[in-house]
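Given next are the chains, with one letter for each unit.
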Amino acid sequence: MNVLLIYPEFPDTFWSFKHALRFIRKKASLPPLGLLTVASMLPPDWPKRLVDLNVTALTDADLAWADCVLVSAMAVQRESAEQIISRCRKAGVRIVAGGPLFTAQPELFPDVDHLVLNEAELTLPPFLEDLAAGRAKHVYTTPEYADMRASPAPMWQLLDLGSYATMSVQYTRGCPYDCEFCNVTTLLGHRPRSKSAEQIIGELDSLYDLGWHQNVFFVDDNLIGNKKRLRAELLPALIEWRRRKPGMAFNTEASINLADDADLMRELVEAGFDAVFVGIETTNEDALAECNKKLNQGRDMVADVRRMQRAGLQVQGGFIVGFDADTPSTLHRVMDFIQAAGIVTAMVGLLQALPGTRLYDRLKKAGRLVDRNSGDNVDGTTNIIPASDGGSVRDGYKDGMRMLYSPKTYYRRVRTFLREYRLPRFEVPWDVRLFFRQSWAFVMSALKLGIAGRERIEYWKLLVWTVFRRPRSFGLAVTFAIYGYHFRRTCEAHLV
Ligand code: B12
């Protein structure tokens, strides 16, 4: 059975990093980890190929080669996924689909032959068994959650590693909290389930052996969901591992209470983490209560962010506006917070209700949903019909985002961050390819942003400031300049 694994294209959005990737001559920011994991669960003797549409085109020859196509997607990739499905139908290839988009809304995909939903560790084996016996069904689903210790290492060999900016691994799934808008707990449950430290070290080893010595994203919903296990098992193993295999820098996602634990922050940095995405959501206490984000209530979150930055962790923040409890001033307060805390990468989204969430069910019952949502919470659209005041937050959203990423505001924020940040001292072995890529990115940024760009004054001001005040952070300053260009392009061109 020739199996073609296809990953649909991401639209040009905040998280696509498309405009930034050109500077480092990469095509995609992250690999399709779900498909690579599923590939490892298929019979070893089936020939397998991967087509990630973010990296390469899908050709008719690819489809002619395939006996079976496996598609994975999240909601934001829906349009591209629909096109793939229709091409497969025309080519007469059997289609199997799974991942968050299909798990949340299987009824939208009657043309898919087999919807293998939830976690493949549980639903793929019965499907494969039925397929072999010639009685494969249309839908495979389960109310159970998988044991991560039985989850195989992703099949990295299918990737063209050089096309990606970052690799990813997954230590845990699930999150102990219960925020009303989040899809994670519906898909993956409240009890964090983890792989063993040996599994993660094995995955990192195989990436290292394939020549990957750069960034790795731990795509956990909340890495610190089970702190005890993290500190007892994974972190000591990572600290020991990087003594032998230096170079890789890690980033991840965690809840704000990370800032309460100085030892944990120190150990994370020692283990190689230098950045963390935190769901801060809003500074409006009423909105935090509305969405049940209890953890963030009653805190001084600027102080929290600073503690993490001083410990050596860059904080990237997720923010949401458009809650019923929001008022016209909410957006400005959130933006003031972002500036004060020096959160360079701040994803400020309009509240959307994703199918499968408690928010979706509540608003559906109240008759407050419109038909379709884009799945991209940073494009200025929403499927929620506003309560009376919410409308005014939305009216200001577009201008607010443009302001947040305007050169003056953005570069000032970068300086605020660099002032606070204690850059960890990682040993990075000399790598000629990395050196050329970084040099190329610097030259390109100097030409595109420093000479041709409308941010030219801010760009040079930042670099000169960094050379004198934070010389070790020079590379980071160039990276931020490039990110800023991407965010600005996205805000200007794609906010609808
Ligand atoms: C990494 C990640 C990203 C990366 C994507 C990188 C990439 N190339 O895929 C980035 C940072 C770009 C991203 C962005 C966004 N993301 Co995201 N992301 C994740 C995250 C944290 C991990 C995904 C992952 O790699 N998981 C590990 C693999 C092993 O799991 P998996 O893909 O789910 O695969 C398993 C099953 O789903 C299944 N499976 C998957 N594919 C297939 C295919 C077949 C054929 C079969 C049989 C089975 C199967 O088997 C696998 C093993 O069990 C998830 C949360 C999560 N825990 O999954 C959110 C998640 C997928 N993201 C989500 C969202 C909403 C977004 C954003 C809109 C912003 C946001 N609020 O986070 C943007 C949209 C992108 C854009 N605007 O361009 C939602 C998706 C909801 C939905 N219904 O689609 C999730 C679930 C998080 C959430 N808060 O709800 N994201």
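Residues numbered from 1 in each chain as written. Predicted model: local features only at pLDDT ≥ 70, side-chain atom pairs only at ≥ 80, totals over all residues. Heavy atoms only, no water.

Caption draft 1: Up close: the overall build of the protein chain. Looking only at helices and strands, the protein chain features 19 helices and 14 strands. In summary, the protein chain has a C-alpha radius of gyration of 22 Å against a globular reference of 23 Å for 496 residues, a match within 12%. The buried share of the protein chain, taken over its 496 residues, is 57%. A separation of at least 24 residues holds for 76% of the contacts in the protein chain among residues at least 6 apart in sequence. Accessible area of the protein chain: about 20900 Å², with a carbon and sulfur share of 54%. Computing the positive centroid from 62 side-chain charges and the negative centroid from 58, the protein chain places the two 6 Å apart. (Helix = DSSP H or I, 4+ residues; strand = E, 2+ residues; numbered from the N terminus. Rg over C-alpha atoms; globule rule 2.2 N^0.38 Å. Buried < 20%, exposed > 50% of the residue type's maximum accessible area, 1.4 Å probe, protein only. Contact = heavy atoms within 4.5 Å. Areas by Shrake-Rupley, 256 points an atom, 1.4 Å probe, with all protein chains shown as cover. Lys, Arg positive; Asp, Glu negative; His and termini not counted. Charge placed at Lys NZ, Arg CZ, Asp CG, Glu CD.)

Caption draft 2: Fine view of unusual backbone geometry. For phenylalanine 17, which is not glycine, the phi dihedral falls at a positive 55°. In this structure phenylalanine 17 comes out as buried when scored by relative accessible area, which is 12%. Positive phi outside glycine occurs at glutamate 281, with the angle close to 70°. If you trace the backbone, glutamate 281 turns up in strand S12 (residues 273-281). Relative accessible area serves as the criterion here: at 6%, glutamate 281 is assigned to the buried category.

Caption draft 3: Structural context of the packing of aromatic side chains. For the structure on display, the rule yields 27 aromatic pairs. Note on tyrosine 208 and tryptophan 241: the rings are 5.8 Å apart at their centroids and 85° apart in plane angle, and the pair reads as edge-to-face. Remark: tryptophan 241 occurs in helix H9 (residues 227-244) and tyrosine 208 occurs in helix H8 (residues 197-209); sequence separation between them is 33 residues. The burial state of tyrosine 208 is the same as that of tryptophan 241; both residues are buried. One cation-aromatic arrangement involves arginine 25 over tryptophan 440; the distance from NZ or CZ to the ring centre is 4.7 Å. The cationic tip of arginine 49 hangs over the ring face of tryptophan 65; the distance from NZ or CZ to the ring centre is 4.4 Å. (Phe/Tyr/Trp six-rings, centres within 6.5 Å; stacked < 30°, edge-to-face > 60°. Lys NZ or Arg CZ within 6 Å of the ring centre and 35° of its normal.)

Caption draft 4: View of the site of the ligand. Neighbouring residues of the ligand: 41 residues in total, closest Tyr7, Thr13, Ala75, Glu121 and Asp221. With respect to the ligand, the side chain of glutamate 121 contributes an N or O atom lying 2.6 Å from an oxygen atom. At the level of secondary structure, the elements contributing two or more residues to the shell around the ligand comprise helix H2 (33-41), strand S3 (68-72), strand S4 (94-98), helix H6 (120-132) and helix H7 (184-188). Here the shell around the ligand takes four residues from H2, the largest share from any one element. Each residue belonging to the shell around the ligand can be placed in one class, and the counts come to 24 nonpolar, eleven polar and six charged. (Near = heavy atom within 4 Å. Polar contact = N/O pair within 3.5 Å; in protein donor to acceptor, adjacent residues only side chain to side chain. Nonpolar A, V, L, I, M, F, W, Y, C, P; charged D, E, K, R; others polar.)

Caption draft 5: Quick look at the nonpolar core. Counting residues in hydrophobic clusters, the biggest one holds 119 residues, and the most contacted among them are Val216, Phe218, Leu238, Leu258, Phe273, Met308 and Phe337. Considering every element that reaches this core, the biggest residue donor is helix H19 (residues 474-494), with eight residues. If we skip the residues at most four places from it in the chain, phenylalanine 218 touches Val169, Tyr171, Ile200, Leu223, Leu234, Leu238, Phe250, Asn251, Thr252, Glu253 and Phe273. (Core = buried A, V, L, I, M, F, W, Y, C linked by side-chain atoms within 4.5 Å.)

Caption draft 6: Main features of the sheet that holds strand S10 (residues 216-218). In spatial order, the strands read S7-S10-S11-S12-S13-S14; together these six strands make up an open sheet with parallel pairing. Edge positions in the sheet fall to strand S7 (167-169) and strand S14 (346-350), since each of these pairs with one other strand and no more. Across the sheet, the mean angle from the axis of one strand to that of its neighbour is 20°, orientation sign disregarded. Looking at chain direction, S10 and strand S11 (residues 250-254) are connected through two bridges and run parallel. (Pairing = 2+ DSSP bridges. Axes fitted to C-alpha atoms, helices over the stretch in contact; angles between N-to-C directions.)

Caption draft 7: How the structure looks around the sheet that holds S4. The strand order across the open sheet built from six strands is S2-S1-S3-S4-S5-S6, with neighbouring strands paired in parallel fashion. In this open sheet, the two strands that pair with only one neighbour each are strand S2 (48-52) and strand S6 (139-140). In this structure, strand S1 (residues 3-7) lies alongside S2, joined through five bridges in parallel fashion. The residue bridging leucine 5 from the neighbouring strand is leucine 50, located in S2.

Caption draft 8: Spotlight on the packing of H2 against H6. Close contact between H2 and H6 brings their axes to 11 Å; oriented N to C, the two are set at 45°. If you check the angle between H2 and H6, you find them oblique. In this structure, H2 meets H6 at a crossing whose hand is right-handed. Taken together, the residues of H6 that come into contact with H2 (itself represented by Thr37, Val38 and Met41) are Ala120, Glu121, Leu124 and Leu128. (Parallel < 35°, antiparallel > 145°, perpendicular 65-115°, else oblique. Left-handed = near helix turned anticlockwise from the far one by under 90°.)

Caption draft 9: The packing of H9 against helix H10 (residues 262-271), seen in detail. Where H9 contacts H10, the two axes come as close as 8 Å, and the packing angle between them is 30°. Considering the angle they form, H9 stands roughly parallel to H10. Helix-helix and strand crossings are classified by hand; for H9 and H10 the assignment is left-handed. From H9, Lys227, Leu230, Arg231, Leu235, Leu238, Ile239, Arg242 and Arg243 reach across to H10, where they touch Asp263, Leu264, Glu267, Leu268, Glu270 and Ala271. Taken together, the residues of the contact of H9 with H10 sort by class into seven nonpolar, no polar and seven charged.

Caption draft 10: Expanded view of the side chain of threonine 252. By the element assignment, threonine 252 lies in strand S11. Assessed through its relative accessible area of 4%, threonine 252 is described here as buried. From its side chain, threonine 252 meets the backbone oxygen of phenylalanine 218 in a polar contact 2.9 Å long. For threonine 252, the residues in contact, after removing those within four places along its chain, are Phe217, Phe218, Asp220, Leu223, Phe273, Ala275, Val276 and Phe277.

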